[in-house]
Amino acid sequence: MPEAARDLTGSSLGGPGIAGPRLAGPNRAGADLTGPDPAGPDRAGPDPAGSDLAGSDRAGPSVTGANLAGAGLATGLSLGGPDLVGPAPAGSDLAGPDVAGPDLAGPDLVGPAPTGPDPAGSDLAGSDRAGPSVTGANLAGAGLVTGLSLGGPGPAAPGLAGPDVTGPSLAGRGLEAIFPLLPTAGPEGGIALYRAWIAANPGALQAFAAWFNLGVELSRIGRPAEAEAAYREVLRLNPRLDAASLNLGSALEAQGRRAEAMAAWECALQPLPHRVMLLNQRGRLLEEERRFAEAETCLRESLALDPDQPDVVQHWLHLRQKACIWPLYRGEIPGRSLAELALQSGPLGILALTDDPDLQRRSAAAWLSRKAPPAPRRLSPRGGYRHDRIRLGYLSADFCRHALSFLMAEVFERHDRSQFEVFGYCSSPEDGSEIRRRVIAGFDHHVPIGALSEEDAAARIRADEIDILVDLNGLTKGARLGALRWKPAPVQATYLGYIGSVPLPELDWLICDAHVVPPGLAHLYAPRPLPLAGLYQANDSRMPPLPAVSRAAEGLPDHAFVLCCFSHHYKITEAMFGRWMEILRRVPRAVLWLVEDTASSKANLLRHAMAAGIEPARLVFAPRTEPARYLARFTLADLFLDTTPYNAGTVASDALRMGLPLLTQSGRAFASRMAGSLLQAVGLEAGITADLDSYVARAVEFATQPGLLAEARRACARWAASIGDSEGFTRRLEEAYRRIRLNGC
């Protein structure tokens, strides 16, 4: 089945980011399963875990403890970026990575600390912070000024004994008179206090600040329409307060009024820190709407103003990958080299950027350092447990219509229940799909943890005394990195969700095979590689009923040699595409059939083809479709052209399953060796090349030598007995589990 690319990610802009609802996607950066390839309909995918340009449900800053006596927004204010309001979609975590990570919004506004901790590692996404309020301030002027003193609210003013203050007792008093009452008033009480002060002091100079703080409190408790009205009143009283425009945009976004939100941000008056935030906010929404070229422009402008934004770098680079904007880097960020930016490129983008497993590990470690802080203590016993059957827990946000479920469903079903008790810890959305029902039925215990905090999720896993916990997300959207950091099981492994290092200290094993992680390179990976005997990739032996398809119906010439690649466009590098164009020049009757990924990438690929002297008509784009038709389409092609350094994973297996020969270049990193492992499994070594020159030459041979192509097709017929042998794979996987189990000694 097609894979869902996730932007950690991404996040989203691949990762951490901007306040507001989370991106679907990396960034869900989400990383793919075996490589996030599109699988068909809706699988374009979310950003990788922790991606934080993706949305937070934080309520934005309010003004507390400040001296607001001036007439305008003065310089020197510590407003690096108020937190903006914007609920995250259900089930999204932000760490999921658009998982965990600091937000792009910048430092909080003045005021007391947020009322609640952010979800593990998240900052831009899905944080439950309420945002600072401004209390104890003299808000007599028309804007915020310097000289903030936030030592905390002082004793209640005379005559203001408690939060049940009546209107008359507030008349003529400064707004700061109610600040001592706020800590004990509760959310509704605070709202009542602000409303009472506003009613008692019509026309007061501090009214704009009261309305602003009222908007923040309303946003905090999920009343965005009322918050919108409050922020509009702020802007009527003080049009220069750009923080109100920021929060107004977030209140509009929370109501689904995205175009109005972007207009509010665009119209704001913007001191430098807020200009950066507004560009990030706008870029996030544009990316979520898949308007990648416009989003890329916004983030490029943001980085030109402030290059020290690693989460924005992550999203910006991945946007350029997704839109096929080449060269990938021309020095747009002052004083930064591509080598420096690579370390900030995010978990998903780095796999398509470099074939160096050491650089991939270091980039992932840098990302994790921002997104997944250590837990206070370890929960599981170091020696393990003594259970008659091994308690095996699978942890995932993808037990739904996602490529991972299509690969793993039969493994869950085939586990030997005499030796294993299988738990499924599920943060997945309820999508009503048949594959979700099948996956859930494959567990002995289905344990929903999507609504639990990271600590509570870890505590639930610990209470079940899981012997081996297998994380199926890695660094992709929805990952529960915070839960893993509590070490709720004595043995923890990562598998399939992310194809590379996941250098979290609490992970013990990276499940792989000896081809994707050769023994001589094992030291470059974290956690320690655990090679399976044979192929690393799980597959489902069941074949769904397939519809009839034809070249004519798909817009393909009847007599052409059809080269195809159904991977996401971010995997297509400038060098790879250049070699594809060379193949088309050398095989005049060939056409190149690609998935229709994004409008930006399609337009750019057509432009790059024309620049290479190839007629645009020789590139055909397949619209996304449902899984059965996606599989059937492979029968219409002659040769699958794989990408490098990020190979196809699930898509490669699907191509071979449908009898389509595949050509790949195997490099050094796990992600660049996935397809080679699959080809080895069916005995099609002729499809594995070591460099791009050999890749082009072999493609031409397949296109011009019918006997060679026929031999390759015969090798594909061995799929069911090799790649598709789910029973044999499950037994090999169980043997690996028995080797790593701790026996309570």
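All of these numbers come straight from a predicted model, not from anything done at the bench. (Residues numbered from 1 in each chain as written. Predicted model: local features only at pLDDT ≥ 70, side-chain atom pairs only at ≥ 80, totals over all residues. Heavy atoms only, no water.)

J.: Quick question: what am I supposed to make of the packing of helix α22 (residues 692-704) against helix α23 (residues 706-716) here?
T.: The description of two packed helices rests on the angle between their axes and on the distance between the axes. At a minimum axis separation of 5 Å, α22 and α23 run at an interaxial angle of 95 degrees. On the basis of the axis angle, α22 is roughly perpendicular to α23. For the pair α22 and α23, the contacting residues are Arg698, Glu701, Phe702 and Thr704 in the first and Pro706, Leu708, Leu709 and Ala712 in the second. Across the contact of α22 with α23, the residue classes tally to five nonpolar, one polar and two charged. (Axes fitted to C-alpha atoms, helices over the stretch in contact; angles between N-to-C directions. Helix = DSSP H or I, 4+ residues; strand = E, 2+ residues; numbered from the N terminus. Parallel < 35°, antiparallel > 145°, perpendicular 65-115°, else oblique. Contact = heavy atoms within 4.5 Å. Nonpolar A, V, L, I, M, F, W, Y, C, P; charged D, E, K, R; others polar.)

J.: Got a minute to help me understand the confidence of the model for the protein in this structure?
T.: Chain-level statistics for the protein give a pLDDT mean of 81 and a share of 77% at 70 or above. Counted against residues more than four places away or in other chains, residues 1-167, with its pLDDT under 50, gives 826 contacts. (pLDDT = per-residue confidence, 0-100.)

J.: It is not clear to me how the sheet that holds strand β9 (residues 590-595) should be interpreted in this structure. Could you clarify?
T.: As summarised here, the arrangement of the six strands in space is β10-β9-β8-β11-β12-β13, forming an open sheet in which the pairing is parallel. For this open sheet the edge positions go to β10 (619-622) and β13 (688-689), each flanked by a neighbour on one side alone. As paired strands, strand β8 (residues 561-565) and strand β11 (residues 639-641) are joined by two bridges and run parallel to one another. Residue pairing for β11: Leu563 is matched across the bridge by Leu639. Running over the sheet, helix α21 (residues 674-682) touches β12 (662-665) and β13 and is turned about 130 degrees from β12. (Pairing = 2+ DSSP bridges.)

J.: In this structure, what is going on with the packing of aromatic side chains? I would like to understand it.
T.: A ring pair, where both rings are aromatic, is described by two values, the distance of the centres and the angle of the planes. In total, this model carries 16 aromatic pairs according to the counting rule given. Centroid distance Phe212 to Tyr231: 5.8 Å. Interplanar angle 65 degrees. Geometry classified as edge-to-face. One end of the pair, Phe212, is in helix α3 (residues 207-220); the other, Tyr231, is in helix α4 (residues 224-237), and 19 residues separate them in sequence. For the pair shown, Phe212 and Tyr231 are each scored as buried. Put simply, the rings of Phe566, Trp593, Tyr630, Phe634 and Phe640 pair up and form one aromatic cluster. Positioned above the aromatic ring of Tyr646, the side-chain terminus of Lys571 is 4.1 Å from the ring centre. (Phe/Tyr/Trp six-rings, centres within 6.5 Å; stacked < 30°, edge-to-face > 60°. Buried < 20%, exposed > 50% of the residue type's maximum accessible area, 1.4 Å probe, protein only. Lys NZ or Arg CZ within 6 Å of the ring centre and 35° of its normal.)

J.: What exactly am I supposed to notice about the pairing of strand β1 (residues 390-396) here?
T.: For β1, a buried count of six out of seven residues is recorded, marking the element as mostly surrounded by other parts of the structure. Across seven bridges, the pairing between β1 and strand β2 (residues 420-426) is parallel. Bridge pairing in β2 links Ser396 to Cys426. Bridge analysis of β1 against strand β4 (residues 468-471) gives four bridges, and the strand direction is parallel. Of the residues in β4, the one forming a bridge with Leu392 is Ile468.

J.: For this particular structure, what's the right way to read the pattern of salt bridges?
T.: Tallying each qualifying case throughout the model produces 50 salt bridges. Notably, a salt bridge pairs Glu413 with Arg438, separated by 2.7 Å at the nearest N-O pair. Linking Glu413 in helix α13 (residues 403-414) with Arg438 in helix α14 (residues 434-441), this pair joins segments that are 25 residues apart in sequence. Residue classification places Glu413 among the partly exposed positions, given a relative accessible area of 30%. What emerges from the salt-bridge pattern is a single network uniting Arg258, Glu288, Glu289, Arg291 and Glu294. (Salt bridge = Lys/Arg side-chain N within 4 Å of Asp/Glu carboxyl O.)

J.: I'm lost on the sheet that holds β1 in this one. Help?
T.: Within a beta sheet, neighbouring strands are joined by backbone hydrogen bonds and run either parallel or antiparallel to one another. With parallel pairing, seven strands are arranged side by side in an open sheet as β3-β2-β1-β4-β5-β6-β7. Of all the strands in the sheet, just β3 (445-448) and β7 (528-532) have a single pairing partner and so form its edges. The average angle at which neighbouring strand axes cross in this sheet is 30 degrees, direction not considered.

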